[in-house]
Amino acid sequence: MNEAVYEILLEKARIVSGDDTSLRRETAQELLASIAYVMSRAPAALTDGNVYTQFAAGERAVEEDVRRAVALHAAAVGSMADLPVAPYRETPEQVSVFFKKYRWDIFANEIPCMLDYQLAVPVEGAQGVTYIIEYLTRFIMENAFLSRFDTGDIVRLLTAQMPDWRISILNIYEAVLWSAVARKLAGMEKLGTAVPDECLDRVLARGAEKGAIEGAVCELFAEGAQRDYALVSAGELGARLAQSSREGLRGLFPAG
Amino acid sequence: MADMDISLLRRELLARDLRGIQGVLDRYGLALSEGEIAAIADARADAVGDTGRVELGRSIVRDIAYAFCDSPYIERDSWADTLCSLTASFFYFKNESDDLIPDEDLIAMMRTRFDGDCGGSAEAMEYMDISDLVRGTRYGHETDDPDLRLF
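Residues numbered from 1 in each chain as written. Chains lettered and ligands numbered in written order. Predicted model: local features only at pLDDT ≥ 70, side-chain atom pairs only at ≥ 80, totals over all residues. Heavy atoms only, no water.

Residues and elements named next belong to chain A. Residue position: asparagine 143 is located in helix α6 (residues 128–146). Judged by its relative accessible area of 2%, asparagine 143 is buried. Within the structure, asparagine 143 has its side chain in polar contact with the side chain of tyrosine 88 (distance 2.6 Å). If we skip the residues at most four places from it in the chain, asparagine 143 touches Ala76, Ser79, Met80, Ala81 and Tyr88. (Helix = DSSP H or I, 4+ residues; strand = E, 2+ residues; numbered from the N terminus. Buried < 20%, exposed > 50% of the residue type's maximum accessible area, 1.4 Å probe, protein only. Polar contact = N/O pair within 3.5 Å; in protein donor to acceptor, adjacent residues only side chain to side chain. Contact = heavy atoms within 4.5 Å.)

In structure tokens form, the structure reads like this:
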């Protein structure tokens, strides 16, 4: 083990165990994982081989990330759609739990909260506050899209798709996006979630055309991060349409 | 910075710590030979590994030796073996207590039980449960204090 990393580990172990001379191997491994995460946050310009410098820079970066995450949390609360879906509504509270429990000084890589509500494009591979920042960023993007729709239309869509929608962890944004894309495929210009019976055949036909779904997404979003996110989220729609019958589409899109 | 062999460093630190209290041990006729120190270092490494723990910084063996050297039950012939056994018991109790009992308090309780219920037998201590160890101490009482609990 690198001598400097060992010294940092000793320092962090003292925070956890006080004057004790030993700790559980798992705890030591968690502390090492935290040290690795913190060092990964250091700006590239400071990775000059000096471990102490890199670690200190990483800790400053993590602290700054926590401040960013707090600001994003406030923005996320303000962005939410007025939808009575429990896991969705509980998301800001769970992020508050993260801020209460997060120990950036010793377990910076951990995510001490339960975010049940699933994003359309889940955050993968991220740790600690980095995960929270990315989650909130995507959550805000999804809410921005949802805010373009009438709440009643969204509720009708959810009701058509799942009887227990009020407690469902499934992603609302994806459901609304897919409906909006289907309407575009059917040639309907106005934003909404319903797809009339007479449009279903056209949705199936157009959905099978190469580039049609991507084109519909581009009509819904201006170029930028939101469009990129939507393109990923709509990625599975083509396969789903290909597997669906006309009748099966009623499980995806309400009639209106 | 250079990479270090942690296990080698730990052995050297332990040996240095024990040599550091040889003067005190000698007062009780318990000064350790280099061979005994090496054997204790091996036993410590085994005990740490067996209990899934890691030692960081100094070793607890010095503290145990210091705490037990004036026990009326300690004998010179079995001193090194007793230290090895007590060290293993110490790490066992640390795990059983979920690290909620500081080293110093744990060693004090072990010494009390060693001289009392165990009649000077380190082997008897190996069969002791954490609840027996803390009985009658502040760690063995029901309490509303969230930092303490009944073991």
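Another point: the interface of chain A and chain B. With 18 residues of chain A at the contact, the number on the chain B side is 25 residues. When the two sides are added together, the surface that chain A and chain B hide from each other amounts to roughly 1,900 Å², 50% of it contributed by carbon and sulfur. When residues of chain A are sorted by the area they lose upon contact with chain B, A:Tyr6, A:Thr21 and A:Arg24 head the list and together hold 35% of the total. In this structure, the connection of chain A to chain B is made through three salt bridges. In this structure, B:Lys94 and A:Asp20 form a salt bridge, with 2.5 Å as the shortest nitrogen-oxygen distance. (Buried area = accessible area lost by both parts, 1.4 Å probe. Salt bridge = Lys/Arg side-chain N within 4 Å of Asp/Glu carboxyl O.)

We now examine the packing of aromatic side chains. Residues and elements named next belong to chain A. Throughout the structure, instances matching the rule amount to 15 aromatic pairs over all chains. Pairing phenylalanine 98 with tyrosine 102 gives two aromatic rings, centres 4.4 Å apart and planes at 25°, and the pair type is stacked. Using a relative accessible area of 0% as the deciding quantity, one classes phenylalanine 98 as buried. Ring centres 4.9 Å apart and planes at 70° place the aromatic pair phenylalanine 145 and phenylalanine 149 in the edge-to-face group. Owing to a relative accessible area of 0%, phenylalanine 145 belongs among the buried residues under this scheme. Connected via pairs of aromatic rings, a cluster forms that spans Tyr88, Tyr117, Tyr131, Tyr135 and Phe139. Here the basic side chain of arginine 148 rests over the ring of phenylalanine 221, its NZ or CZ set 5.4 Å away from the ring centre. (Phe/Tyr/Trp six-rings, centres within 6.5 Å; stacked < 30°, edge-to-face > 60°. Lys NZ or Arg CZ within 6 Å of the ring centre and 35° of its normal.)

Attention shifts here to the confidence of the model for chain B. When pLDDT is averaged across chain B, the result is 89; 90% of the residues are at 70 or more. Interface confidence in the predicted complex, given as ipTM, is 0.84; pTM for the same model is 0.86. (pLDDT = per-residue confidence, 0-100.)

This brings us to the nonpolar core. Grouped together as the largest cluster of nonpolar side chains are 87 residues, with contacts concentrated most on A:Tyr88, A:Ile172 and A:Leu177. Beyond its immediate sequence surroundings of up to four residues, A:Leu177 is in contact with A:Phe145, A:Leu220, A:Phe221, A:Ala230, A:Ser233 and A:Ala234. (Core = buried A, V, L, I, M, F, W, Y, C linked by side-chain atoms within 4.5 Å.)

Residues and elements named next belong to chain B. Locating alanine 31 in the fold gives a position in the loop between α2 (22–27) and α3 (34–50). Placed 79 residues apart in sequence, alanine 31 and methionine 110 show a C-alpha to C-alpha distance of 22 Å. Filtering out sequence-adjacent residues up to four positions away, alanine 31 remains in contact with Gln22, Leu25, Asp26, Glu36 and Arg76.

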